[in-house]
Amino acid sequence: MINFNQTKVFLIFFFLFIQIGVFAQNKNIKLPANWFNLDLIENGYFGISTEKAYREILKDKQPKERIIVAVIDGGIDTAHHDLKSVLWTNAKEIPGNGIDDDGNGYIDDIHGWNFIGSKKGNLEFDNLELIRLLRIYTPKYQSTTNLTPLDSTQKEEFRLYKKMVGDFGKKYEDASNTFSVLVAINKVLDSVASGSNKKVPTYEDVERYKADDEIEEQVKNIIRKGSKEDGSFEKFYKSIKDGYKQYDAMLKYNLNPKYDMRSELVGDDYSNSSERKYGNTDVKGPDAMHGTHVSGIIGADRSNNIGISGVANYVSIMAIRVVPTGDERDKDVANGIKYGVDNGARVINMSFGKAYKWDKKVVDEAVKYAESKGVLLVHAAGNDNQNNDVEENYPNKYFESPEAEAYKVAHRKPAKPDFTPPKPMGQNGMGMRPPMNNAIVKAVPVDSAKFKLPSASNWIEVGASAYKDDETLKADFSNYGKYNVDVFAPGFLINSTVPDGKYEDLDGTSMASPVVSGLAALILSYYPKLNPAQVRDIIMKSVTKVNHKVKYKNEKGENTRALFSEICVSGGIVNAYNALKLAETY
């Protein structure tokens, strides 16, 4: 049985949580479907001035080269009517003949390759990297204390192990509590649907529904508030259903140490990082929502007068599937990068990331390979509102090197006390994790010297911005970093392609990154002789500078305001018009 008082407390907390306006941006607004391509002065939306660039700079010019953009993601719906005409097609491969016609090691790779599948099917779910690492370290260090004699390598591993145990405790508790709230809301929504004989109820059905107890009455309050915040009951309903699915997967698969289907469904030798020839041809996979959305932002057909218009008008989208529901694996990421490079990509979009690394060396090698072949890598900064100058975020542009190791040794932090796991709330505990009383979080000083360590010159790190030129311009979820996030680009309520010929609004740095990838492809299609460092330089120097302060939550959890130059290297939002004007001078 669910504890009534505990349930009531957490639902009240959740209601207050959404009521006090935790999120900076108001979603109760109807934005133009292509707002990210619009101009701030002309249209009033802080887009990247793509349409202005086409109209004023490119109207009498013809692109010189069709640019291949590899989308390393969770899959792409290649049948979408707004993407079919812009898909990369391997002209050297004969579809369906079971022969590797072009000799690249991948049979029938017509539109790309799927590195997380095999003849047995596709890997849909996987653990977080945190869980995969804990499988290795827990047997070694679960009985270890700070007094146990350890050599230098073991001490470093033990430090990492204690951090991971703490992170796992927090993630699992948060996920469990959030899922419990979603279960309660979902239960009421299903009861309303059943009582009204509808598959999907309406807001009026919810209002007519008679709550069985005080918990359900609190849920009705949450539904009212959430519907207002999201702009409609329909949007709120979808967000709850999507959230339920997400947190259910998180608990069943992402945070479950007992779940591991890699060997069965992929069948590679995972211990062999140099292995490249594995996978299958199914570039859509079981969940192509994310990758399809990303692809549309980059290059959805601009000439068919339907749906949306991508940023780039002379582009081919190459589908590379390496990201499951869960954390991507470094081996797959490295192979995805190499596949894209070897098959002609000039730009590679990477809208994924994680807090831990497994084999950074193999990813570094792939990044260096892309750098040597003139391929630009565009990466999403992440959606945890964290300072990437302080917190780790992988993959990143910094190489594991002797200099990096020397810096690490010189700045090694002292070991922390043994972690005490949080007290369990019970299997049926309800709600969000309550705030810690009197918690004091010290801001971590940033040592800028570490940002001068060896790194890739072909890398752009992208944060997400919103539509309004005011203090809410930084998307509330977006990671930031004065030294590690290069630029910001629109990533709030971005309308783009999703599977089955549909379109949806999604948020994330995952949406901001393809805006920049599309811009890079647009520049290269008219100026194909530019190298990645030059394209990066053009994009960063041509941003629309933001000269006012924006608000966000800092490392202490405090609401603060800072100049845009304090949260990213360039201090601005990418701009296609400015970039193309600047490219003319190179």
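Look a little higher up for the structure.
Residues numbered from 1 in each chain as written. Predicted model: local features only at pLDDT ≥ 70, side-chain atom pairs only at ≥ 80, totals over all residues. Heavy atoms only, no water.

(A) Fine view of unusual backbone geometry. That bond from Tyr394 to Pro395 is cis: its omega, -5°, falls within 30 degrees of zero. By the secondary structure assignment, Pro395 is in the loop between strand 7 (376-380) and helix 13 (402-410). The phi dihedral of Asn197 falls on the positive side, at around 55°, and the residue is not glycine. Locating Asn197 in the fold gives a position in the loop between helix 5 (152-195) and helix 6 (203-208). According to the relative accessible area criterion, Asn197 is exposed, its value standing at 74%. (Helix = DSSP H or I, 4+ residues; strand = E, 2+ residues; numbered from the N terminus. Buried < 20%, exposed > 50% of the residue type's maximum accessible area, 1.4 Å probe, protein only.)

(B) Examining the packing of helix 14 (residues 509-526) against helix 15 (residues 532-541) more closely. At a closest axis distance of 11 Å, the pairing of helix 14 and helix 15 adopts a crossing angle of 115°. The chirality of how helix 14 crosses helix 15 is right-handed. Every residue of helix 15 that contacts helix 14 at Val516, Leu519, Ala520, Ile523 and Leu524 is listed here: Val535, Ile538 and Ile539. In terms of residue class, the contact of helix 14 with helix 15 is made up of eight nonpolar, no polar and no charged. (Axes fitted to C-alpha atoms, helices over the stretch in contact; angles between N-to-C directions. Left-handed = near helix turned anticlockwise from the far one by under 90°. Contact = heavy atoms within 4.5 Å. Nonpolar A, V, L, I, M, F, W, Y, C, P; charged D, E, K, R; others polar.)

(C) Looking closely at the nonpolar core. With 63 residues, the main nonpolar core has Val516, Ile523, Ile539 and Val574 as its most contacted residues. Sort the elements by how many residues they give to this core and helix 14 lands first, with 11 residues. Residues within four places of Val516 in sequence aside, it is in contact with Val378, Ile460, Val462, Val487, Ala489, Ile539 and Val574. Trp88, Trp113, Tyr278 and Tyr339 belong to the second largest nonpolar core, which has 38 residues in total. (Core = buried A, V, L, I, M, F, W, Y, C linked by side-chain atoms within 4.5 Å.)

(D) Local environment of the pattern of salt bridges. Applying the stated rule across the entire model yields 39 salt bridges. With a closest N to O distance of 2.8 Å, Glu400 and Lys357 form a salt bridge. Here Lys357 lies in the loop between strand 6 (347-350) and helix 12 (360-372) and Glu400 lies in the loop between strand 7 and helix 13, a separation of 43 residues in the sequence. Taking the relative accessible area as the measure of exposure, Glu400 reaches 41% and is therefore partly exposed. Given a relative accessible area of 30%, Lys357 falls into the partly exposed group. Here the salt bridges do not stand alone but share partners, grouping Asp126, Glu129, Arg132, Asp260, Arg329, Asp330 and Lys354 into one network. (Salt bridge = Lys/Arg side-chain N within 4 Å of Asp/Glu carboxyl O.)

(E) Layout of helix 12. For helix 12, spanning 13 residues, the distance from its first C-alpha to its last is 18 Å, which sits close to the expected 18 Å at 1.5 Å a residue. Of the positions making up helix 12, those classed as buried are Lys360, Val362, Val363, Asp364, Ala366, Val367 and Ala370. Summarising the contacts, the buried residues of helix 12 are in contact with helix 11 (330-342), strand 7 and strand 8 (459-465). (Expected span 1.5 Å × (residues − 1).)

Interpretation note: all reported values are geometric properties and have no functional meaning in isolation.
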